[in-house]
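# Geometric and topological summary
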Amino acid sequence: MGRILLYLFSVGCVVAQPPLIYNRKVLNAASYVPQSVPGGAIARGSTFSIFGARLGPATPVQVSQFPLTGALGNVSITVTQGTTVVNAIPTYVRDSQINAIMPSNAPLGAVSIRVTYNNFKSNPMTAVISASTFGIFTARGTGFGPGILQNFVSQSVQPINSPTIAAKPGQAMTLWGTGLGAVASDVVAPVVGSLATPVEVFVGGVSAPILYSGRTPCCAGIDQIVFTVPANAPLGCWVPVAIRTAGSTVSNIVTMAITSDGSSCFDSFPYPPLVKAGTHGAFLAMRVTTRQDTGTKIPIDVNGDYQTSYAAQVEDSPFPFHPLLSGPPPGTCTSYSVKGDLLQGNELADFVAGTRTVLSSSISISGPKGLKTIPGALAPLFNLLGSSLSNLLPNTLYLDPGTYQISGTGTASYGAFSATINSPAPLTWTNRDQLSVVDRSKPLVIRWSGGSPGAQDVFVAGFGVDLPTNTTTVFGCVAPDGATSFTVPPLVMANLPASRPNPLQSKSVIYVASYPDSGFANLNIPGVTNAYAAFSFVNGKTVIFQ
Amino acid sequence: MKQLFKVFYAIGILGLAILLVGAGPFDCDCHNPDLTRSWVTCIDGHPTLTDGTETIDYKDGKFNPNDYACPKNPLESPEWVHGSQPAPFPLSSQTSANASPKGRAAAGGTVAYVPRILLDLPFGPSPFPKIGLSTCDATSPDILQVNHVNSLVTRLTTCPFAVKKTIRVASRPLQIAITPDGQMALVTSFDNAINFIDLNTNTVVFTLSVFFNPHGIAITSDGKTAYVASFDNINSLIATIDIASRTVTKTVQTNAYPQSVFLSPDDSQLYITFPFGNAMFIMDTMTGIVGNTFAITAPRGVAFNSRGSKAFITSATGGSSGSVLQFDTETFQVERTYSVGAGPTDIAVMYDEVTVVVVNNEGGSTSTINLKTGQVTTLALGAPAAGLAILR
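Residues numbered from 1 in each chain as written. Chains lettered and ligands numbered in written order. Predicted model: local features only at pLDDT ≥ 70, side-chain atom pairs only at ≥ 80, totals over all residues.

### Here we look at the overall build of chain A
- Looking only at helices and strands, chain A has one helix and 41 strands in total.
- For 546 residues, the compact-globule formula gives about 24 Å, and the C-alpha radius of gyration of chain A, at 25 Å, lands near that figure.
- Overall, the C-alpha framework of chain A stretches about 70 × 70 × 50 Å when taken along its three principal axes.
- The buried share among the 546 residues of chain A stands at 55%.
- Expressed as a percentage of contacts within chain A between residues at least 6 apart in sequence, the contacts between residues at least 24 apart total 70%. (Helix = DSSP H or I, 4+ residues; strand = E, 2+ residues; numbered from the N terminus. Rg over C-alpha atoms; globule rule 2.2 N^0.38 Å. Buried ≥ 20, exposed ≤ 12 C-beta atoms within 10 Å, placed from the backbone. Contact = placed C-beta atoms within 7 Å.)

See the structure below:
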């Protein structure tokens, strides 16, 4: 019997390869937000993508005329909930990807999606259908970074916003996305008109007046939102833009460039390293302290001192962006929802800007606790300089406050360098220990004192990793200069996954990071366009996201 | 200085970024204390913490082997030993006050246990500094082991190692699963029964009569649903059991002799092994549709990493060695094969997410796979081995 089965499987491998939907790869076609976070549902009437293998013909087929039908290129898609079955409307099919419109009469809630290609059925894959969940298209196709927004200049001049083609306050913008909700018919040319779905647009956290929110006339399953850049919107090259529908569901957060007069934002703001084309070098030293008291019997402080250095070669792009270097303007926040565990090895798309190489074959650090010479290898990227674990481990921490001399011997490609960094005492996160349960629907206030007031930059970040679904949502905020507190708005926490009852299935943590001005140095390294050294403190605490 | 703000900010947040995205600090052997003593198996009739040299010190009489029917012949109770679910609900947390240890810690007991406090941490410094292991920690979880021949389930404390209770169940029990809250254990008995054990009282509170020779069992993370495989060539099915009402709510026909079932961490998929049929199926739990089938030689055990992004499947390929297949659960492709000892059965991913432990039944050995280096270390145990439970 076993041999027969094995034979059948072998034959099957050659003759009958059914379509395969990759696990959890039914996503909003614009945002790619994972299914397991609130913003990852597929809205009725929206365009969604299915990724997999053998899903359709090797040569892509795309719809070209109305009315659309339930089959394209011998590909059809069923959406099933119990005894209810509807057909999605494919608009683009090829072997590895399908784009389709979720019918406006699709059942709400969890459904099972199957693809049929040349009469072979795929595996079922679960998705969640919602009345509205918006995704914003992005220029880099990652679901974050510069969004597809057009600056309205005139009917005939509407360039796509980018750091070099910035908008200005008061300017009308057209944002492209999908997920505003159901329409009367998904298969005919859309009727122009705002939909009933309540829509809010936030630019740098500031609510923007909306002029239109509905289907775009050209394309079934695609929406446009026309809004005005608020007069008090923050300025910057990567101002966060988010859409909230029905008062609760938040889109992916993309960016747009805003300057006071619409000129290139790089005329007003420096071009960050690792975003601008060129070779960039970085030396970083940091102390990370994380108080862990969720799921533990007693609070445990895990402390580590780390150091890294590397060079990166970055290519030019019309939509330059680095998911973390292209940070939001001071006083604002952004967030990303992605597959993987960003706290254990997975990286955001575009995080590795260009090619990462060794900056120096050997690094020396001399400070209050003596001299350390460490290799500049990329693996491990971070060197552990010392650690402590409450009273369980001997305290070997190295990066105590003080003055540090750093130097590198260079490589065949890059010259040697040296610099002095002064590391003052870090700030104190004053309400850290009062923070335990974080209600994602309410503002989160973070307070601190000390450090280098007026001469430090402070960042607040939060991570929600849901291990069973292999999903991370992270938010990051930049505190205004001189601030001693920051309020994280619910908007950027909306897509954090709720912490699970079993704390080992979630990683929920808030970080406050400070970067003292005196811990920064410009490195002049032959062969490197620009290079910097920085010293930072990162203070974290595990929490429960509710 | 402020003119440098943006640049400074950029490099600053770079540091935060790299740190937080885990390119370094958390891409780690986060819990790197001696892992080799962290599992249990039956060797020559004795429960064993295995590090290749050390066994539980039963010989001095402190641990009375007569109390415990750890089978000498593992084929009498093959791979179906299950430890408690991971924290936060270690079984011992609810029963340790009543524990009456009969024995003492393992020989050299001061080094036999990973400190509980470390195991609870979501994050640790990386690489984890070398740490001396702690003394026996009474919060270590209990283990439940099925004895097929004697129709018993034995509850063991692991710190110290001792029998807490033997529980009689319906004849020819095979596999056991525990609800995440640690309140209930479900045991399959080949002779058409599923036993519900109240773990507060260590008694069978209900026996569900069925018709399909139940074998493998898995419980969802919400503790509401159990899936049971019928080791039968006629009534070959996967049964869905509502744990609260203790009823079979659904059955799905499969190929002959489904043996074991394993839920993906998000409970969305059920991996079903057919060692006789040389196949593994994946069933969508929402629809009950078997959508993926794979030809794998004698698959026996499946373990997932915590994220469910990888599955590790033991394959008893015959001969002097076996295999562990590393399976990408997103693309459903085997991406790597490790050669281990003969007849691999039980498998577990350790809490460091880097180490995979395999018990090789026919080979009488354990294999340890380092997923970072790909290195496989196989230790001969001197006798056939069966059962694996992580003492987390």
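Still more to cover.
### Quick look at the overall build of chain B
- In terms of helices and strands, chain B carries three helices and 27 strands.
- Residues classed as buried in chain B amount to 60% of the 392 residues present.
- Restricting to contacts in chain B with at least 6 residues of sequence separation, those with at least 24 account for 49%.

### Some thoughts on the environment of Asp-95 of chain A
Residues and elements named next belong to chain A.
- Relative to the helices and strands, Asp-95 resides in the loop between strand 7 (84-93) and strand 8 (97-101).
- Between the alpha carbons of Asp-95 and Thr-245 there is a distance of 33 Å; along the sequence they are 150 residues apart.
- Beyond its immediate sequence surroundings of up to four residues, Asp-95 is in contact with Ala-53, Arg-54, Leu-55, Gly-56, Pro-57 and Ala-58.

### Describing the confidence of the model for chain A
- On average, residues of chain A score 91 in pLDDT, and 95% of them reach the 70 mark or higher.
- For the stretch residues 1-15 of chain A, pLDDT sits under 50, and the model shows 15 contacts to residues farther than four places along the chain or on other chains. (pLDDT = per-residue confidence, 0-100.)

### Thoughts on the sheet that holds strand 8 (residues 184-189) of chain B
Residues and elements named next belong to chain B.
- With antiparallel pairing, the four strands of this open sheet are ordered in space as 7-8-9-10. Sheet topology places strand 7 (173-178) and strand 10 (203-209) at the edges, where each strand pairs with a single neighbour. Shown here is a sheet whose adjacent strand axes are inclined to one another by a mean of 20°, direction ignored.
- As paired elements, strand 7 and strand 8 share four bridges and run antiparallel to each other. Among the inter-strand pairings, Ile-176 is bridged to a residue of strand 8, identified as Val-187. (Pairing = 2+ DSSP bridges. Axes fitted to C-alpha atoms, helices over the stretch in contact; angles between N-to-C directions.)

### Some thoughts on the nonpolar core
- Membership of the largest hydrophobic core comes to 148 residues, with the highest contact counts inside it found for Val-26, Val-460, Cys-477 and Val-488 of chain A.
- Looking at this core, the element that brings in the most residues is strand 40 (residues 530-542) of chain A, giving seven residues.
- Those residues within four positions of Cys-477 of chain A in sequence are excluded, and the remaining contacts are Thr-332, Cys-333, Phe-459, Val-460, Phe-486 and Val-488 of chain A.
- The next biggest cluster of nonpolar side chains, apart from the first, holds 79 residues, and it includes Met-184, Met-283, Val-356 and Ile-369 of chain B. (Core = buried A, V, L, I, M, F, W, Y, C linked by C-beta atoms within 7 Å.)

### Remarks on the sheet that holds strand 17 (residues 279-284) of chain B
Residues and elements named next belong to chain B.
- Ordered by their spatial adjacency, four strands build an open sheet running 15-16-17-18, and the pairing between neighbours is antiparallel. In this open sheet, the two edge strands, each paired with only one partner strand, are strand 15 (260-263) and strand 18 (290-295). Each strand of the sheet is rotated relative to its neighbour by a mean of 20°, with strand direction disregarded.
- Two strands pair when backbone bridges link them, and strand 15 and strand 16 (residues 269-274) are joined in this way by four bridges, in the antiparallel orientation. Its bridge partner being in strand 16, Phe-262 is matched across the sheet by Tyr-271.

### Digging into unusual backbone geometry
Residues and elements named next belong to chain A.
- With an omega dihedral of -5°, the bond running from Phe-66 to Pro-67 counts as a cis peptide bond.
- By the secondary structure assignment, Pro-67 is in the loop between strand 4 (61-62) and strand 5 (71-72).
- Of note, the phi angle at Asn-118 is positive, near 50°, even though the residue is not glycine.

### What about the confidence of the model for chain B?
Residues and elements named next belong to chain B.
- For chain B, mean pLDDT is 74; residues scoring 70 or higher make up 63% of the total.
- Below a pLDDT of 50 lies the segment residues 52-63, which in the model reaches 29 contacts outside its immediate sequence neighbourhood of four places, other chains included.
- In this model residues 77-112 is a low-confidence stretch, pLDDT under 50, and it forms 114 contacts with partners more than four residues away in sequence or in other chains.
- Confidence metrics for the complex model read pTM 0.88 and ipTM 0.89.

### Section: the environment of Thr-178 of chain A
Residue and element names in this part refer to chain A.
- Residue placement: Thr-178 occurs in strand 15 (residues 172-178).
- For Thr-178, a count of 29 C-beta atoms within 10 Å gives the class buried.
- Expressed as a C-alpha distance, the spacing of Thr-178 and Ala-220, which sit 42 residues apart in the sequence, is 9.7 Å.

### Brief notes about the environment of Asn-123 of chain A
- Inspection of the secondary structure assignment puts Asn-123 of chain A in the loop between strand 10 (120-121) and strand 11 (125-130).
- The class for Asn-123 of chain A is buried, based on 25 C-beta atoms found within 10 Å.
- In this structure, the C-alpha to C-alpha distance between Asn-123 of chain A and Pro-426 of chain A, residues 303 residues apart in sequence, is 53 Å.
- Once residues lying within four places of it in the same chain are set aside, the contact partners of Asn-123 of chain A are Leu-20 and Ile-21 of chain A together with Gly-291 and Asn-292 of chain B.

### With respect to the pairing of strand 40 of chain A
All names here are of chain A.
- Among the 13 residues that make up strand 40, 13 are buried, leaving the element largely enclosed by the rest of the structure.
- Side chains Asn-530, Tyr-532, Ala-534, Ser-536, Val-538, Gly-540 and Thr-542 project from strand 40 onto one buried face, and the interleaved Ala-531, Ala-533, Phe-535, Phe-537, Asn-539 and Lys-541 project onto a second face that is buried too.
- Two elements, strand 23 (residues 278-292) and strand 40, share twelve bridges in a ladder whose sense is parallel. The partner of Met-286 across the bridge, within strand 40, is Ser-536.
- Summarising the sheet, strand 38 (residues 506-516) and strand 40 pair through six bridges and their orientation is antiparallel. Residue Ser-514 lies in a different strand from strand 40, and its bridge partner there is Phe-537.
- Of the strand pairs in this sheet, strand 39 (residues 520-523) and strand 40 are connected by four bridges, and their pairing is antiparallel. The partner of Ala-521 across the bridge, within strand 40, is Ala-533.

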